[in-house]
Amino acid sequence: MSDAPAMPLGADFKRHYEGEVILVEGYIKDTEGNVIPGATVDIWQTAPNGLYSSQDDEQDINSFHGVFTADENGYYCFTTVRPVSYTVPSDGPVGKILDATGRHPWRPSHLHYIVSAEGYRALVTEVFPDDDPYLDQDTVFGVREDLVISYQPQAAGTFPKEGFELSGKVNDAYSKIDFDAILIKK
């Protein structure tokens, strides 16, 4: 993924898509726990149909993809729709390999991150929800214990009143994810 649009903190990826609202927030820190102001947080995911924008002519090319800049406290935040499990393409050589090894083509749902800051090594990672049925069967073996997160259910009427594009527009229950990224100095 490249050329994603810069988005303000609190921006919304969900837009007109159906599905549970997910509020994502966290901090970018160094290995000593110090926040990293101005870190770049590049996020992308599939749409609720399990396709990335590059695979789906119905989506805008930047659908569910954006770049955020952490604030002076290293904080980033946005809203989205809950990602879904999906299959990798299995109609070509990959399908033959999966068939030969007796594996299925499913990936657990996840959010992709590329986090970077000057003077630090970039972090390229994914985070996976602890309740996904394919968590221990990821066809590309991408899941590690430290990348598993919990969606925290939030009661209706508790969505933040400011700071998000959806503030004042979410009246139903939603879920929240907290994910702090740790960068290593070069």
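These remarks concern the structure in this document. Everything quoted here is computed from the prediction, not taken from an experiment.

Cut-offs applied
- Residues numbered from 1 in each chain as written.
- Predicted model: local features only at pLDDT ≥ 70, side-chain atom pairs only at ≥ 80, totals over all residues.
- Heavy atoms only, no water.
- Helix = DSSP H or I, 4+ residues; strand = E, 2+ residues; numbered from the N terminus.
- Rg over C-alpha atoms; globule rule 2.2 N^0.38 Å.
- Buried < 20%, exposed > 50% of the residue type's maximum accessible area, 1.4 Å probe, protein only.
- Areas by Shrake-Rupley, 256 points an atom, 1.4 Å probe, with all protein chains shown as cover.
- Lys, Arg positive; Asp, Glu negative; His and termini not counted.
- Charge placed at Lys NZ, Arg CZ, Asp CG, Glu CD.
- Phe/Tyr/Trp six-rings, centres within 6.5 Å; stacked < 30°, edge-to-face > 60°.
- Lys NZ or Arg CZ within 6 Å of the ring centre and 35° of its normal.
- Salt bridge = Lys/Arg side-chain N within 4 Å of Asp/Glu carboxyl O.
- Core = buried A, V, L, I, M, F, W, Y, C linked by side-chain atoms within 4.5 Å.
- Contact = heavy atoms within 4.5 Å.
- Pairing = 2+ DSSP bridges.

**Side note on the overall build of the protein chain**
Here is step 1 of the chain: For the protein chain, the helix and strand inventory stands at 1 helix and 13 strands.
Here is step 2 of the chain: When its helices and strands are written in sequence order, the protein chain yields β-β-β-β-β-β-α-β-β-β-β-β-β-β.
Here is step 3 of the chain: Its C-alpha atoms give the protein chain a radius of gyration of 17 Å, near enough to 16 Å, the size a compact globule of 186 residues would have.
Here is step 4 of the chain: When burial is assessed residue by residue, the protein chain has 46% of its 186 residues classed as buried.
Here is step 5 of the chain: Total accessible area on the protein chain is roughly 9,800 Å²; 50% of this is exposed by carbon and sulfur atoms.
Here is step 6 of the chain: Positive and negative side-chain charges of the protein chain, numbering 14 and 30 respectively, have mean locations separated by a distance of 3 Å.

**What about the packing of aromatic side chains?**
Here is step 1 of the chain: As enumerated under the stated definition, the model contains 11 aromatic pairs in all.
Here is step 2 of the chain: For the ring pair Tyr52 and Tyr86, a centre distance of 5.5 Å and an interplane angle of 85 degrees mean the geometry is edge-to-face. Linking Tyr52 in the loop between β3 (40-44) and β4 (65-69) with Tyr86 in strand β6 (residues 86-87), this pair joins segments that are 34 residues apart in sequence. By the burial criterion, Tyr52 is buried, and Tyr86 matches it.
Here is step 3 of the chain: The aromatic ring of Tyr151 is capped on one face by Arg82, whose charged end is 3.9 Å from the ring centroid.

**Overview of the pattern of salt bridges**
Here is step 1 of the chain: All chains considered together, the criterion is met by 8 salt bridges.
Here is step 2 of the chain: For Arg107, the salt bridge goes to Glu126, with nearest N and O atoms at 3.0 Å. With Arg107 in strand β7 (residues 106-107) and Glu126 in strand β9 (residues 123-129), this residue pair connects regions lying 19 residues apart in the sequence.
Here is step 3 of the chain: Judged by relative accessible area, which is 13%, Glu126 ranks as buried.
Here is step 4 of the chain: With a shortest N-O distance of 2.9 Å, Asp146 and Arg144 are connected by a salt bridge.
Here is step 5 of the chain: We classify Asp146 as exposed; its relative accessible area is 53%.
Here is step 6 of the chain: Salt bridges sharing partners connect three or more residues here, namely Glu20, Arg82 and Asp131.

**What to know about the nonpolar core**
Burial of nonpolar side chains together is a common tendency in soluble globular proteins.
Here is step 1 of the chain: Counting 29 residues, the largest nonpolar core has Ile28 and Tyr113 as the members making the most contacts within it.
Here is step 2 of the chain: Of all the secondary-structure elements, those providing two or more residues to this core are β2 (21-30), β3, β5 (75-81), β8 (111-116) and β13 (181-183).
Here is step 3 of the chain: Non-local contacts of Tyr113, meaning those with residues more than four positions away in its chain, are made with Val24, Val41, Asp42, Ile43, Tyr76, Leu123, Val124, Thr125, Val127 and Phe179.
Here is step 4 of the chain: Val21, Tyr75, Val170 and Tyr174 belong to the second-largest nonpolar core, a separate cluster that totals 9 residues.

**Observations regarding the pairing of β8**
Here is step 1 of the chain: In this structure, β3 lies alongside β8, joined through 5 bridges in antiparallel fashion. Among the inter-strand pairings, Trp44 is bridged to a residue of β8, identified as His112.
Here is step 2 of the chain: Inspection of the sheet shows β8 paired to β9 by 5 bridges, in the antiparallel sense. Looking at β9, one finds that His112 is bridged to Glu126.
Here is step 3 of the chain: Hairpin geometry of β8 and β9 is characterised by an intervening segment of 6 residues between the two adjacent antiparallel strands and by a positive phi of about 85 degrees at Gly119.

**Some details on the sheet that holds β3**
Here is step 1 of the chain: Spatially, β4-β3-β8-β9-β10 is the arrangement adopted by the 5 strands of the open sheet, whose pairing is mixed. The open sheet has two edge strands with one neighbour each: β4 and β10 (148-149).
Here is step 2 of the chain: By the bridge criterion, 5 bridges tie β3 to β4 in an arrangement that is antiparallel. Bridge pairing in β4 links Thr40 to Thr69.

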